[in-house]
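What follows is each chain in one-letter form.
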Amino acid sequence: MKFALICLLFVGYVNSGGIMFDNLLPSFLGGRSAQARGSSGHMLHQDPSAPQCGLRFGHAMLGRGHTGLDLDSDTEFGEYPWHVAILTNTAGARQYICGGALIDCSHIITAAHCVKSLYPEEIVVRIGDWDAASKTELYKDASHTVSDIFIHEQFYAGSLHNDIAVLRLQHKIHWDSMPHVAPICLPQPHAQTLAGTKCWVTGWGKDAFLQQGEYQAILQEVDVHVVDPRTCQNALQLAGLGNRFQMHPGWLCAGGEEGKDACSGDGGGPLVCGTEDHHTGATLAGLVSWGVGCGERGVPGVYTNIANYVNWIYDTMNIV
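Rules of the game
- Along each chain, residue indices are assigned from 1 in the same order as the chain's sequence is written.
- The model is predicted, so local features are restricted to residues of pLDDT at least 70 and side-chain atom pairs to those at 80 or more, both for listing and for counting; the totals for chains, interfaces and linings are taken over all residues.
- Side-chain figures throughout are based on the complete set of non-hydrogen atoms in the structure, without hydrogens or water.
- The way it works is that DSSP assigns letters per residue, a run of H or I at least four long becomes a helix, a run of E at least two long becomes a strand, and they are numbered from the N terminus.
- Exposure classes here rest on a 1.4 Å probe applied to the protein chains alone. A residue is buried below 20% of its type maximum, exposed above 50%, and partly exposed in between.
- We get accessible surface area from the Shrake-Rupley algorithm with a probe of 1.4 Å; when it comes to residues, only the shown protein chains can shield them.
- Classification of ring pairs uses Phe, Tyr and Trp, with its six-membered ring standing for Trp, and accepts pairs whose centres are within 6.5 Å; under 30 degrees between planes counts as stacked, over 60 as edge-to-face, and the remaining range as tilted.
- Any two residues having at least one pair of non-hydrogen atoms within 4.5 Å are treated as being in contact.
- Per-residue confidence from the predictor is reported as pLDDT, which spans 0 to 100.
- When DSSP finds at least two bridges between two strands, those strands are taken to pair.
- In this description, a line fitted to the C-alpha atoms serves as the axis of each element, helices being fitted only across the stretch in contact, and the angle between N-to-C directions of two axes falls anywhere from 0 to 180 degrees.
- A helix's residues, less one, multiplied by 1.5 Å, set its expected span.
- Whenever two N or O atoms come within 3.5 Å, that pair is a polar contact, provided that in protein one can donate a hydrogen and the other can accept it, and provided that, for residues adjacent in sequence, both atoms are side-chain atoms.
- It is the directions from the helix axis to the C-beta atoms that the arc portrays.

Q: Report on the overall build of the protein, specifying residues and quantitative values.
A: Each helix and strand in the protein was counted, giving 4 helices and 13 strands. Out of the 320 residues in the protein, the part that is buried amounts to 55%. Carbon together with sulfur atoms contributes 51% to the accessible area of the protein, which is approximately 14100 Å² in total.

Q: Explain the packing of aromatic side chains residue by residue, including any values.
A: For any pair of aromatic rings, the description consists of the separation of the ring centres together with the inter-plane angle of the planes. With the rule as written, the count across this model stands at 6 aromatic pairs. Between Phe245 and Trp251 the ring centres are 5.8 Å apart and the planes differ by 10°, which places this aromatic pair in the stacked class. Accessibility expressed as a relative area gives 0% for Phe245, which makes it buried. Summarising the aromatic geometry, the rings of Phe245 and Trp290 are spaced 5.8 Å apart at their centres and angled 80° between planes, so their arrangement reads as edge-to-face.

Q: Any chance you could break down the environment of Pro81 for me, citing the residues and the numbers?
A: When you line up the elements, Pro81 lands in the loop between α1 (58–61) and β2 (83–88). Overall, the relative accessible area of 5% leaves Pro81 in the buried class. With 27 residues separating them along the chain, Pro81 and Gly54 place their C-alpha atoms 8.3 Å apart. Among residues more than four places away in sequence, those in contact with Pro81 are Leu55, Arg56, Phe57, His180, Val181 and Ala182.

Q: Requested: an account of the confidence of the model for the protein, with residues and values cited.
A: On average, the protein scores 80 in pLDDT, and the residues at 70 or more come to 75%. Across residues 207–212, where pLDDT falls below 50, the model places 19 contacts with residues more than four positions away in sequence or in other chains.

Q: Outline the sheet that holds strand β13 (residues 301–305), listing residues and values.
A: The antiparallel closed barrel is built from 6 strands, whose spatial order is β8-β9-β10-β13-β12-β11. In this sheet, adjacent strand axes meet at a mean angle of 45° when their direction is disregarded. Docked against the sheet, helix α3 (residues 229–241) engages β9 (220–227), β10 (251–254), β12 (283–290) and β13, running at close to 110° with respect to β9.

Q: Give me the lowdown on the side chain of Gln237, citing residues and values where you can.
A: With respect to the helices and strands, Gln237 occurs in helix α3. On the accessibility criterion, Gln237 (17% relative accessible area) is buried. The residues touching Gln237, leaving out its near neighbours within four places in the chain, are Gly242, Asn243 and Phe245.

Q: Could you give an account of the pairing of strand β7 (residues 165–169), with specific residues and numbers?
A: Summarising burial for β7: 5 of the 5 residues are buried, a large majority. Burial along β7 is two-sided: the face carrying Ala165, Leu167 and Leu169 and the face carrying Val166 and Arg168 are both buried. Pairing between strand β4 (residues 107–110) and β7: 4 bridges, direction antiparallel. Residue pairing in the sheet places Ile108 in a bridge with Leu167 of β7. Looking at chain direction, strand β6 (residues 142–151) and β7 are connected through 5 bridges and run antiparallel. In the sheet register, Val146 faces β7, and the bridge partner there is Leu169.

Q: Requested: an account of α3, with residues and values cited.
A: If you check α3, its first and last C-alpha atoms are just 15 Å apart, much less than what 13 residues at 1.5 Å a residue would give, namely 18 Å. If you check which residues of α3 are buried, you get Cys232, Gln233, Ala235, Leu236, Gln237 and Leu241. The residue sitting at the N-terminus of α3 and contributing the capping side-chain oxygen is Asp228; that oxygen lies 3.2 Å from the backbone nitrogen of Arg230. Positioned one or two residues after α3, Gly242 has a phi angle of 85°, which is positive.

Q: Could you give an account of helix α4 (residues 310–317), with specific residues and numbers?
A: Among the residues making up α4, those that are buried are Val310, Trp312, Ile313, Thr316 and Met317. Viewed end-on, α4 has its buried residues packed into an arc of 160°, placing them on one side of the element. Taken together, the buried residues of α4 touch β4, β6 and β7.

What follows is the structure, given as structure tokens:
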């Protein structure tokens, strides 16, 4: 089975003319105030009933015959309890558009390009789902409406700089009723993930680029290694973006191994590291943002670099 997975980020604007390079906007990452759509009426409170962040449910409910070897790209039930599906109802029926990561009982992080054209009433967040084609899981999923969308004030769709948004749920999650759901841990501000670190990206997106692939029913996973910015910049320049292309500090690169990548349909999906640590839990390193094709040898995928936006995330969560 091919391991090229899930989510694209952004596919347009890729050519040798350097369109991805943008020098019209500052590279400021902090953000004093986010642009919100919707009416706010929530205060951010610590939830003492919340499960520890970054821990898998039941160690992913592995079967007793499980040897520890992953022979396919299917996840186990509860293995990534922070992964959510973002749906839209603009066409009259709910349609999957992107992935996202749960960070507390009221907030989801996703890519700004996923929700930039939507209003809160047009979004539904599905939490706790695993097999999108079945309702026979051990615990049921839940659908939540959204009260607010906070898009980074310096997000620019033409270059996907600052490609991050926070969604606020209309009603908070009741952890007791969803034991298979848990938030993901955020990194320390500006604590960069080291090159070579093995991380995991998840999603329901296509297993090949654009029309060639099919969406997956069961949540998929693929392991990718973090790539240092200079190596990534050189690789993307050679992949067709040209010498004018420059890495933005809000980006993180990972992957570049043939057949192992995020792919079309899963923008906003989480890239997490440290899943083997059962004490401190996994940490959110990135969000699927964009790439040149998917699963091509020597061409890393580009993710929103969460460590450079942690202060913005906390400031945004505290907006009343």
